[in-house]
Amino acid sequence: MQSDIWALDPLTLAAISGMALATWLTRFAGYWLLRRVTVGGRVAAALEAVPGAILMAIVTPVAFASGAAESAAAVLTVLLALRLPLIVAVAGGCLAVVLLRTLLG
Amino acid sequence: MTNNDRSGEFTAGVLTILPVLVAVVVYGLLFGALAAQKGLSPLEVTVMSALVFAGASQFVAVEIWTSPPGVLLLALTALMVNLRHVLMGAALAPFIRGWPRGRTWTALFFMTDENWALTLQRAGRTTITPAFYFGLALPLYGGWIACTTLGAVFGAVLQDPARYGLDFAFTAVFLTLLVGMWKGPRNLLPWAASAAVATAAYFWLPGVWYIALGGLAGTLAGALQGPARPKEAVDAV
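### Remarks on the overall build of chain B
Helix and strand counts for chain B stand at 12 helices and zero strands. Each helix and strand of chain B, ordered N terminal to C terminal, gives the series α-α-α-α-α-α-α-α-α-α-α-α. Its C-alpha atoms give chain B a radius of gyration of 19 Å, within 12% of the compact-globule value 18 Å for 237 residues. Along the first, second and third principal axes, the C-alpha set of chain B runs to 60 × 45 × 30 Å. Across the 237 residues that make up chain B, the buried fraction comes to 50%. For chain B, contacts bridging at least 24 residues in sequence account for 77% of all contacts bridging at least 6.

Have a look at this one:
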């Protein structure tokens, strides 16, 4: 674990730059493309599905394939997020996972 | 436009974004703390927040962060997570097209889910001025950089994050983001396809391939499903 506040690793900087370039590309592309073609139909539907599909894939191992404590805490987080502020949902999920891991061994 | 109008528009933007800033403080501190746990220094967190400025993709990046980091994998993952920006930029285009060119491209650099949604909401009532847009964008940008950096400074102090359930924090954050993305039953098919393929890939393939494959499956399911109600989609734009 690094503790030096000013540490700037060259590879980390390269990774951040790569992420930044990719993100800028997505931010500029839509405006740039729209001056030429109209995105519609299945392409728009596919693009629209991207963020949700990615997030779902990311939560899958912990939410569905780690154990009963994690799965139950995931359900609780979703239920909390439906009604309460996000921070309550995140804190509640983390608290639940600690308690459930103790209870379920 | 006089200077008075301009500062009035800027203030209107700042007031509109204020409620969102509360969430930015929470997510910012959390992100900084999690990044510190993965070995990123506060300065590295500052640089990432200032250059990337896209919360969801930054959380994902730190989740899959290794030491040393996989540069290409991180860039490709950021590209996939942020693909929605392409659609958002297309929807925003009519309202920022008439601005001076430099401001249009600067506005796109600052485009996030939050100020994009608030801008389109206002566009239904009145013209969008650069002053209003940057009134939204600049506090969000400054707040995100400040809070993520603070989180990294203090987050590194925490030992054994699993004791506090913090290893679950990523999943919890993403689940709350997912809840916010729920638009109705038409999300079911892509999300189920993603979860199914991601589970299979998680068990049978090494590394984080489950993210790319799950995301791809969900995207294809979305394409197969086709557009929702084309009429309304056009009206909303």
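### As for the overall build of chain A
In terms of helices and strands, chain A carries four helices and zero strands. The N-to-C order of helical and strand elements in chain A reads α-α-α-α. For 105 residues, the compact-globule formula gives about 13 Å, and the C-alpha radius of gyration of chain A, at 20 Å, lies well above that figure. Reported as C-alpha extents along the three principal axes, the dimensions of chain A are approximately 60 × 45 × 25 Å. Here chain A, with 105 residues, has 45% of them falling under the buried criterion.

### Quick notes on the nonpolar core
Counting residues in hydrophobic clusters, the biggest one holds 109 residues, and the most contacted among them are A:Met19, A:Ile54, B:Ala169, B:Val173 and B:Phe174. Per-element tally for this core: the top contributor is helix H2 (residues 41-65) of chain A, with 15 residues. If sequence neighbours within four positions are ignored, B:Phe174 has contacts with A:Leu55, A:Ile58, A:Val59 and B:Phe59.

### A word on the interface of chain A and chain B
Facing 70 residues of chain A, the contacting portion of chain B comprises 77 residues. For the side of chain A that touches chain B, the secondary-structure elements that each account for two or more residues are helix H1 (10-34), H2, helix H3 (68-83) and helix H4 (86-104) of chain A. Looking at the side of chain A that touches chain B, the element that brings in the most residues is H2(A), giving 24 residues. When the residues that make up the side of chain A that touches chain B are grouped by side-chain class, the tally is 53 nonpolar, 12 polar and five charged.

### Things to note about the domain arrangement of chain B
Split by domain assignment, chain B resolves into domain 1 (3-71 + 84-181) and domain 2 (182-237). On a C-alpha basis, the centres of domain 1 of chain B and domain 2 of chain B stand 24 Å from each other.

### Things to note about H2(A)
All names here are of chain A. Under the 1.5 Å per step criterion, the end-to-end length of H2 is 35 Å for 25 residues, consistent within 8% with the ideal 36 Å. Of all the bends in H2, the largest measures some 50° and sits at valine 59, one to four residues before the proline proline 61. By the criterion of burial, H2 is predominantly enclosed, with 20 of the 25 residues buried.

### Focus on unusual backbone geometry
Residues and elements named next belong to chain B. Following serine 67, the chain continues into proline 68 via a peptide bond in cis, with omega recorded as 0°. Backbone geometry at phenylalanine 53 places phi at a positive 50°, although glycine is not the residue there. Structurally, the position occupied by phenylalanine 53 is in the loop between helix H2 (42-51) and helix H3 (55-63).

### Here's the deal with the confidence of the model for chain A
Any segment with low pLDDT has predicted coordinates that should not be analysed in fine detail. Within chain A, residue pLDDT values average 89, and 93% of them lie at 70 or more. For chain A, the element scoring lowest by mean pLDDT is H2(A), at 87; H3(A) scores highest, at 96.

### Examining the environment of A:Thr77
Checked against the element boundaries, A:Thr77 lands in helix H3. C-alpha of A:Thr77 to C-alpha of A:Gly92: the two residues are 15 residues apart in sequence and 6.6 Å apart in space.

### Let's talk about helix H1 (residues 3-37) of chain B
Residue pairs spaced three or four apart in an α-helix point in one direction, given the helix's 3.6 residues per turn. Along its length, H1(B) shows its largest kink, about 45°, at B:Pro19. Residue B:Gly39 follows H1(B) closely and has a positive phi angle near 95°.

### Structural notes on the environment of B:Phe170
Residues and elements named next belong to chain B. Position of phenylalanine 170 among the secondary structure elements: in helix H9 (residues 169-181). Overall, the presence of 20 C-beta atoms within 10 Å leaves phenylalanine 170 in the buried class. With 111 residues separating them along the chain, phenylalanine 170 and phenylalanine 59 place their C-alpha atoms 7.2 Å apart. Filtering out sequence-adjacent residues up to four positions away, phenylalanine 170 remains in contact with Leu34, Phe59 and Glu63.

### Comments concerning the environment of B:Gly155
Residue and element names in this part refer to chain B. Positionally, glycine 155 belongs in helix H8 (residues 130-155). Judged by C-beta crowding, with 23 C-beta atoms within 10 Å, glycine 155 ranks as buried. Residues glycine 155 and glutamine 37 lie 118 residues apart in sequence; the distance between their C-alpha atoms is 7.1 Å.

Basis of the calculations
Residues numbered from 1 in each chain as written. Chains lettered and ligands numbered in written order. Predicted model: local features only at pLDDT ≥ 70, side-chain atom pairs only at ≥ 80, totals over all residues. Helix = DSSP H or I, 4+ residues; strand = E, 2+ residues; numbered from the N terminus. Rg over C-alpha atoms; globule rule 2.2 N^0.38 Å. Buried ≥ 20, exposed ≤ 12 C-beta atoms within 10 Å, placed from the backbone. Contact = placed C-beta atoms within 7 Å. Core = buried A, V, L, I, M, F, W, Y, C linked by C-beta atoms within 7 Å. Nonpolar A, V, L, I, M, F, W, Y, C, P; charged D, E, K, R; others polar. Domains from an automatic or database assignment. Expected span 1.5 Å × (residues − 1). Bend = angle between axes of the 7 residues up to and from the residue. pLDDT = per-residue confidence, 0-100.

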